Amino acid sequence: MPNLRRRFLIAALSLTALGLVRHAVADDGYRLWLRYDPIVDDTRREAVAAAVPVLVLTTPSGTESPTIEATRRELQEGFSGLVGRVPEVRVRVGAGVDEALGDEGYRLTSRGVADGGGIEIRGNGDVAVLYGAFALLRRAQTGEDLARLQVVDTPRVGRRLLNHWDNLNRFVERGYAGFSIWEWFNLPDFRNPRYRDYARACASIGLNGAVLTNVNADALVLTPYYLERVAALAEEFRPYGVRVYLTARFSAPKEIGGLDTADPLDPRVIAWWDEKVAEIYRWVPDFGGFVVKANSEGQPGPQDFGRNHADGANLFARALAPHGGIVMWRAFVYQPENEMDRVRQASFEFMPLDGAFLPNVSVQIKNGPLDFMPREPFHPLFGSLQHTSMTLELQITQEYLGHSTHLAFLAPMWKEVFEADTFARGPGSTVGKAIDGTLRGHPLTVVAGVSNIGTDRNWTGHPLAQANWYAFGRLAWDHTLEAETIAEEWSRMTFGSEPATVAALTDILVRSREIVVNYSNPYGLHHIQARGHHFGPGPWVTGGRPDWTAPYYHQASEFGIGANRGPEGSNALADYAPELAALWGDLERCPENLLLWFHHLPWDYVTKSGRTLWDAIALRYQQGVDEMRRLAADWAALEPAIDPEIFANVSARMGRQVNDAIHWRDACLLYFQQFSKRPLPEGVEPPAHSLEHYMSINLRYVPGHPGDY
Ligand code: GCW
């Protein structure tokens, strides 16, 4: 690798001189945003080189740990790539603790000439210094002036985790980028270099933990055979500050423990988990803890034994506490036999338990009350749980936003969640503050993102979906960053700093998610996707569990469309603060992008535009198609600036996305038109096929669908 890198560097630098650098080497996307290609602009490259002849790493320990070694390697490879010169990296011994930095924060300071110049990277721990090194490299990649750095940066949230929905057979549930990168069969002997690169990528954006297994995975991962392999992965990640976590299947004491019960109050079950957890810590001394999906979608749980979620969570919490571990207990619960609106059920189950969870439990809550829809209001539990630590669960993989076929940059969606005001303690009580502990003072703070990576060479399938992994890490570290800032950073790091290219790419990314909403689920529509694999439209999906059908949510009939969640309907509004219930319940004030989430309205209801609801919906679908065509055209214009392999890959996906947008529009409008009985308004293109045609499409073996695997 170092040799290859050097050869690449020499080739690239000589090509820079010829002005040909952009197409110098075919780029397969493996390097993610850590490309370190030579800075093309001579003046800027020289300025960066002049700023970093010496880099001083300062931690209280001042030792040459594996983390410090990794930091040095990263800085030297990074800067030699960027500027063609290898900086000297020194470790300073004997510094005290820097109070402003906490455990993981870092300080970057340009040193005066009298001190020998260069930059000091300081932290209270080695991993903090590593974060500082990555931040410095990022600043160099994005074109910042490094000559007068005075930066202090600390994370707002303590545990910033990827959740892998990876099974032991390497099938990734809702994974669209190949198979699981964990090669269980080859471990622990063969350790794919990808593990290191994975940990590097995570550390570069401040992620500090990985849940290796799917919330639906079986219990075998807790057996010694797998624990030995988990320990090997933990060893690979450790220099980069990434701790491993696992999912714990509630029924494990029965499945792998030889007990006839998993009752959380049974002393044998308690003793079994205590010993199992102690065993895990013997393998992995810095093990992070468990994620548990219990009594949800058929998974076993405490309710099977007449116990509640707190009984279940606290069982694990007690076993983990002596070792410093935590349990993330998922609130994604809803039962087919429960008549209550599905979006209310988690509040119904968890509100009575507020205060009953031990301090090392964090209740893990998806951003919205339904399920990672293209747009949802925030989950009401973020406002209503007062005495419980809450983990925000985001989905980086695009289960409902076109898989890795469609471009949907998700930072704008996540920002909506972080910035949403719960009014829990008056105005300004945002979800971000509920999560980062500032609202209620919870010391345990966690953000989790369901990973979008797999064995695809470029990790994420869609080359631009790397931006979602990147954005997740950046927002988990600091949710006050702007989506646009993140998009721009990523564009610069990934595709270079040529201003017109950066501006165009940033714009493409930032627009993309709303376009997906417009051509698939406008006006607060939700859960109208195809059954099972969730790719493409399926507003007609009926049969089986009512809460897995589309009409349960869109409620379309000749009288109108939308879910009535006000007092006359399911009253889900009552789960929110009175201010929000009043706002969203008032047709005049309810934001139109959530209209049909909260209201059932007649087809001739007059929207803010003055158009009838039917016309407005139809035109919004058309708008989504038009915007998607423009997005694809804007991408096409970037051809000269993007590596050909990546350009061709994205272009093909964009072309497909345009067709899929048309498909969404035509299928949904034809379906709803049966009820509205109105013509398509002027400006909406007529559909190419009949409704029967769209309804007869039955895709099989779509990636990521557990039912087809
Ligand atoms: O979004 C749904 C998915 C399931 C998933 C479940 C969950 C892992 O369709 O595939 O299971 O949510 O979050 O538990």
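The shown structure was predicted, so the numbers you read here are calculated from the model rather than taken from an experiment.

Trainee: How do you make sense of the domain arrangement of the protein when you look at a structure like this?
Mentor: Where interface size is given, it is often the accessible area lost as the parts come together that is meant. Entries for the protein in the domain assignment read domain 1 (1-30), domain 2 (34-153), domain 3 (159-481) and domain 4 (517-563 + 600-696). With centres defined by C-alpha atoms, the gap from domain 3 to domain 4 works out at 31 Å. Taking both partners together, domain 3 and domain 4 bury about 2200 Å²; carbon and sulfur atoms supply 59% of that area. If you look at where domain 3 meets domain 4, you find zero salt bridges. Our count for the domain 3 to domain 4 interface comes out at 13 residue pairs in polar contact (both at pLDDT 80 or more). Broken down by class, the residue content of the side of domain 3 that touches domain 4 amounts to ten nonpolar, nine polar and six charged.

Trainee: What exactly am I supposed to notice about the site of the ligand here?
Mentor: Within the structure, the ligand sits among 15 residues, and Glu173, Lys293, Arg330, Asp371 and Glu399 are positioned closest to it. In this structure, an oxygen atom belonging to the ligand sits 2.4 Å away from a side-chain N or O atom of Glu173. Within the side chain of Arg174, one N or O atom sits 2.9 Å away from an oxygen atom of the ligand. Protein chains shield 97% of the accessible area of the ligand, which is 340 Å² for the free molecule. Class assignment of the residues belonging to the shell around the ligand gives a composition of four nonpolar, three polar and eight charged.

Trainee: Would you mind going over the side chain of Arg474 with me for this structure?
Mentor: Relative to the assigned elements, Arg474 resides in helix H14 (residues 466-477). The exposure class assigned to Arg474 is buried, which follows from its relative accessible area of 6%. Engagement of the side chain of Arg474 in a polar contact is seen with the side chain of Glu489, the distance being 2.9 Å. Setting aside residues no more than four positions away along its own chain, Arg474 makes contact with Arg138, Ile205, Leu481, Ile486 and Glu489.

Trainee: Any chance you could explain the side chain of Thr494 here in plain terms?
Mentor: In this fold, Thr494 is placed in helix H15 (residues 483-495). In this view, Thr494 contacts Leu32, Trp33, Arg35 and Gln466; residues no more than four positions away in its chain are not counted.

Trainee: I tried to follow the environment of His462 on my own but got confused; where do I start?
Mentor: Structurally, His462 is set in the loop between strand E13 (446-450) and H14. A relative accessible area of 1% means that His462 is categorised as buried. As a C-alpha pair, His462 and Asn649 span 187 residues in sequence and 7.7 Å in three-dimensional space. Every residue in contact with His462, bar those within four places of it in the chain, is listed here: Ser404, Thr405, His406, Leu407, Val650 and Arg653.

Trainee: Could you clarify how one ought to interpret the confidence of the model for the protein in this entry?
Mentor: The predicted coordinates should not be examined in detail at positions where pLDDT is low. Summary statistics for the protein give a mean pLDDT of 95 and a share of 96% for residues scoring 70 or more. Across the protein, element-level confidence peaks in H14 with a mean pLDDT of 99 and bottoms out in helix H1 (residues 2-18) with 43. Low pLDDT, under 50, characterises residues 1-24; the stretch is placed with 30 contacts to residues that sit more than four places away or in other chains.

Trainee: Explain the environment of Trp182 to me, please; I cannot follow it from the model alone.
Mentor: Along the chain, Trp182 falls in the loop between strand E6 (159-163) and helix H5 (194-204). Judged by its relative accessible area of 0%, Trp182 falls in the buried class. On a C-alpha basis, the gap between Trp182 and Asn167 in space is 9.3 Å, while along the polypeptide they are 15 residues apart. Setting aside residues no more than four positions away along its own chain, Trp182 makes contact with His164, Asp166, Arg170, Tyr195, Tyr198, Leu212, Leu233 and Phe237. A distance of 3.1 Å separates a polar atom in the side chain of Trp182 from the backbone oxygen of Leu212.

Trainee: Teacher, can you tell me more about the nonpolar core here?
Mentor: Across soluble globular proteins, nonpolar side chains have a tendency to be buried as a group. Among the nonpolar cores identified, the biggest contains 217 residues, and Phe79, Tyr198, Phe290, Phe316 and Trp469 are the most heavily contacted of them. With 13 residues, the single largest contributor to this core is helix H21 (residues 644-676). Not counting residues within four places of it along the chain, the set of residues in contact with Trp469 comprises Leu32, Trp33, Leu162, Tyr198, Ala201, Cys202, Ile205, Leu207, Ile396, Asn452, Ile453 and Trp459.

Trainee: Looking at this structure, how should I read the packing of aromatic side chains?
Mentor: The geometry of an aromatic ring pair comes down to the distance between the two centres and the angle between the two planes. Considering all chains together, one arrives at 37 aromatic pairs under this definition. Seen in terms of ring centroids, Trp272 and Trp273 are 4.8 Å apart; in terms of plane orientation they differ by 80°. Their pairing is edge-to-face. Grouped by ring-pair contacts, the aromatic residues Tyr30, Trp33, Trp182, Tyr195, Tyr198, Phe237, Trp459, Trp469 and Tyr470 constitute a single cluster. Here the basic side chain of Arg565 rests over the ring of Trp597, its NZ or CZ set 5.0 Å away from the ring centre.

Trainee: What is the right way to look at the packing of H14 against H15 in this model?
Mentor: Geometry of a packed helix pair, given as the angle between the helix axes and the separation of the axes. Running from amino to carboxyl end, H14 crosses H15 at an angle of 125°, the nearest separation of the two axes being 10 Å. By the angle between their axes, H14 is oblique relative to H15. Like other packed secondary-structure pairs, H14 and H15 cross with a definite hand, here right-handed. For the pair H14 and H15, contact is made by Gln466, Ala467, Tyr470, Ala471, Arg474 and Leu475 and by Ile486, Glu489, Trp490, Met493 and Thr494, respectively. Taken together, the residues that form the contact of H14 with H15 break down as seven nonpolar, two polar and two charged.

Criteria and cut-off values
Residues numbered from 1 in each chain as written. Predicted model: local features only at pLDDT ≥ 70, side-chain atom pairs only at ≥ 80, totals over all residues. Heavy atoms only, no water. Domains from an automatic or database assignment. Buried area = accessible area lost by both parts, 1.4 Å probe. Salt bridge = Lys/Arg side-chain N within 4 Å of Asp/Glu carboxyl O. Polar contact = N/O pair within 3.5 Å; in protein donor to acceptor, adjacent residues only side chain to side chain. Nonpolar A, V, L, I, M, F, W, Y, C, P; charged D, E, K, R; others polar. Near = heavy atom within 4 Å. Areas by Shrake-Rupley, 256 points an atom, 1.4 Å probe, with all protein chains shown as cover. Helix = DSSP H or I, 4+ residues; strand = E, 2+ residues; numbered from the N terminus. Buried < 20%, exposed > 50% of the residue type's maximum accessible area, 1.4 Å probe, protein only. Contact = heavy atoms within 4.5 Å. pLDDT = per-residue confidence, 0-100. Core = buried A, V, L, I, M, F, W, Y, C linked by side-chain atoms within 4.5 Å. Phe/Tyr/Trp six-rings, centres within 6.5 Å; stacked < 30°, edge-to-face > 60°. Lys NZ or Arg CZ within 6 Å of the ring centre and 35° of its normal. Axes fitted to C-alpha atoms, helices over the stretch in contact; angles between N-to-C directions. Parallel < 35°, antiparallel > 145°, perpendicular 65-115°, else oblique. Left-handed = near helix turned anticlockwise from the far one by under 90°.

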